[in-house]
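# Summary of the model geometry
One letter stands for each residue in the lines below.
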Amino acid sequence: MDNTSLITGGAGFIGSHLAERLIQEGHNVVVLDNLSTGHKANLNKLLSHPRFRLVVGDVTDVQCLAPLVRHADVVFHLAASVGVKLIVEKPLTSMMNNLRGTEVVLEQARRWHKRILLASTSEVYGKNPASSFAEDDDLVYGNTSKTRWSYACAKAMDEFMAIAHYRESGLPVSVVRFFNTVGARQSNQYGMVLPTFVSQALRNEPITVHGTGLQSRTFTHINDTVDATYRLAMHSDAAGEVYNIGGSTEISIIELAKLICRRLKSTSRIDLVPYEQAFTSEQGFEDMPRRVPNCDKLDHLIKFQPQFTLTDMIDSVADYYRPVRETAAAV
Ligand code: UDP
């Protein structure tokens, strides 16, 4: 065993940070990414590392994928279409990426009997009104006319497939449901709120709060998310199980906007943007009023307590976007 980890979608936000952690831990790392939403630049710190390799290709290309899975000891399947804006604007591509990609990766992991960790999302809880979500809570979706739910359903199907593989063939697969995760390299192109607000605040442009802004979320720093992901993947008791990975401090989106303005000393005004204006391709967009994880199961297994505060997260994202702002100001 040469301690090799394969990360599908490793040129993305979470994948690239995970790749760095795995290299630090002494693994060989192979990233498979089609660079559709991920960027080679996210891997700049690793590209010349002797234990790192980037393969540009698609997870649905079995010819390309099979040897990579075969030679890996652990597979992290992160390749997916993510971000509410992207899902609503490109629902078909997103569904196909998320369903077909996972189907193929799970089949290859089963073929070579590899430890695999499947990235899922807090979106699977849908519009369950519970004050916090534990892994065995119900998943509650809206009608198929609301495109948003196609993402939740596709990721829920991915989870069903993973669990079926575990039950039918003993595939050592774990599912992680990432709650809102933030940090350097997270794109502001696909609607994610924190990088969007930070880049708006740095430019002193209006902050676009959707709806009333009273909807709330918790946020997790990427380093905490990666730490939990890594330790779960290395834990044999995690096989066949689903884990939430998320933060503990709940904040409304309007309060988040105000906090970001204060922290970055921004003169941005805060605009309330109706959902129908924010999501023009979706009539009657349905948002989650609240999304808070219960991470007791994760804490029980790996002693997980997030180390980074919300202000740390704002600072990390601002540090990432600041040079961009300075370049923009200079032209
Ligand atoms: N949001 C917002 N303004 C933006 C982007 C997002 O008010 O420019 C809101 C969005 O409607 C949601 C919350 O922020 O209520 C979190 O959105 P995000 O897409 O980051 O993640 P979600 O938790 O919805 O998957």
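Please refer to the structure higher up on the page.
Rules and cut-offs
- Along each chain, numbering runs from 1 in the same order as the chain's sequence is written.
- Under the rules for a predicted model, residues below a pLDDT of 70 receive no local features and side-chain atom pairs below 80 are neither given nor counted, while totals for whole chains, interfaces and linings still include all residues.
- Side-chain numbers come from the whole structure's heavy atoms, not from hydrogens or water.
- Here a helix means four or more residues in a row that DSSP labels H or I, a strand means two or more in a row labelled E, and each is numbered from the N terminus.
- Atoms counted for the radius of gyration: C-alpha only. Globule rule: 2.2 Å times the number of residues to the power 0.38.
- For every residue, the accessible area (1.4 Å probe, protein chains only) is compared with the maximum for its type, and the residue is labelled buried under 20%, exposed over 50%, or partly exposed between those bounds.
- In what follows, a contact means two residues having at least one pair of non-hydrogen atoms within 4.5 Å.
- Working definition of accessibility: Shrake-Rupley area with a 1.4 Å probe, residue cover restricted to the visible protein chains.
- Working convention for charge: Lys and Arg count positive, Asp and Glu count negative, and His plus the chain ends are omitted.
- Just so you know, the charge point we use is NZ for Lys, CZ for Arg, CG for Asp and CD for Glu.
- In what follows, salt bridge is the name for a side-chain nitrogen of Lys or Arg lying within 4 Å of a carboxyl oxygen of Asp or Glu.
- Each residue after the first adds 1.5 Å to the expected span of a helix.
- When at least one non-hydrogen atom of a residue lies within 4 Å of a molecule or strand, that residue is treated as near it.
- Each polar contact in these results corresponds to two N or O atoms within 3.5 Å; when the atoms are within protein, one needs to be able to donate a hydrogen and the other to accept it, and residues that are neighboring in sequence are counted only if both atoms are side-chain atoms.

### A short note on the overall build of the protein
A count of helices and strands for the protein gives 11 helices and 14 strands. For the protein, whose C-alpha radius of gyration is 19 Å, the value lies close to the compact-globule estimate of 20 Å for 331 residues. In the protein, which comprises 331 residues, the proportion classed as buried is 54%. Intrachain contacts of the protein at a sequence separation of at least 6 include 80% that bridge at least 24 residues. Roughly 14700 Å² of accessible area belongs to the protein as shown, and the carbon and sulfur atoms make up 51% of that amount. Measuring between centres, the 34 positive side-chain charges of the protein sit 4 Å from its 36 negative side-chain charges.

### Some remarks on the environment of Asp 138
By the secondary structure assignment, Asp 138 is in the loop between strand E5 (115-121) and helix H5 (148-169). Given a relative accessible area of 57%, Asp 138 falls into the exposed group. The spatial distance from the C-alpha of Asp 138 to the C-alpha of Met 234 is 28 Å, given a sequence separation of 96 residues. When near neighbours in sequence (up to four residues on either side) are disregarded, Asp 138 contacts Tyr 125 and Asn 128.

### Considerations on the pattern of salt bridges
Side-chain pairing between opposite charges can occur once the charged atoms of the two side chains come close. Summed over the entire model, instances satisfying the criterion amount to 18 salt bridges. Asp 319 is the salt-bridge partner of Arg 322, the closest N and O atoms lying 3.0 Å from each other. Of the two residues, Arg 322 and Asp 319 are both situated in helix H11 (residues 310-330); the distance of three residues between them amounts to about one turn of the helix. By relative accessible area, Arg 322 is classed as partly exposed at 28%.

### Re the side chain of Thr 220
Tracing the backbone through its elements, the reader meets Thr 220 in strand E10 (residues 220-221). Residues in contact with Thr 220, not counting those within four places in the same chain, are Asn 180, Thr 181, Val 182, Thr 225, Gly 246, Gly 247 and Met 313.

### What to know about unusual backbone geometry
Look at Leu 35: it is not a glycine, yet its phi comes out positive at around 55 degrees. Within the secondary structure layout, Leu 35 lies in the loop between strand E2 (28-33) and strand E3 (52-56). Taking the relative accessible area as the measure of exposure, Leu 35 reaches 29% and is therefore partly exposed. Residue Asn 204 is not a glycine yet carries a positive backbone phi of 55 degrees.

### Digging into H5
The end-to-end C-alpha distance of H5, which contains 22 residues, comes to 32 Å, matching closely the 32 Å that a straight helix rising 1.5 Å per residue would cover. Positioned one or two residues after H5, Gly 170 has a phi angle of 75 degrees, which is positive.

### As for the site of the ligand
The environment of the ligand is formed by 18 residues, the closest being Thr 208, His 210, Arg 217, Asp 287 and Arg 291. With respect to the ligand, the backbone of Gly 191 contributes an N or O atom lying 3.4 Å from an oxygen atom. Between an oxygen atom of the ligand and a side-chain N or O atom of Gln 215, the distance comes to 3.1 Å. If you list the elements that add at least two residues to the shell around the ligand, you get helix H6 (193-202) and strand E8 (207-210).

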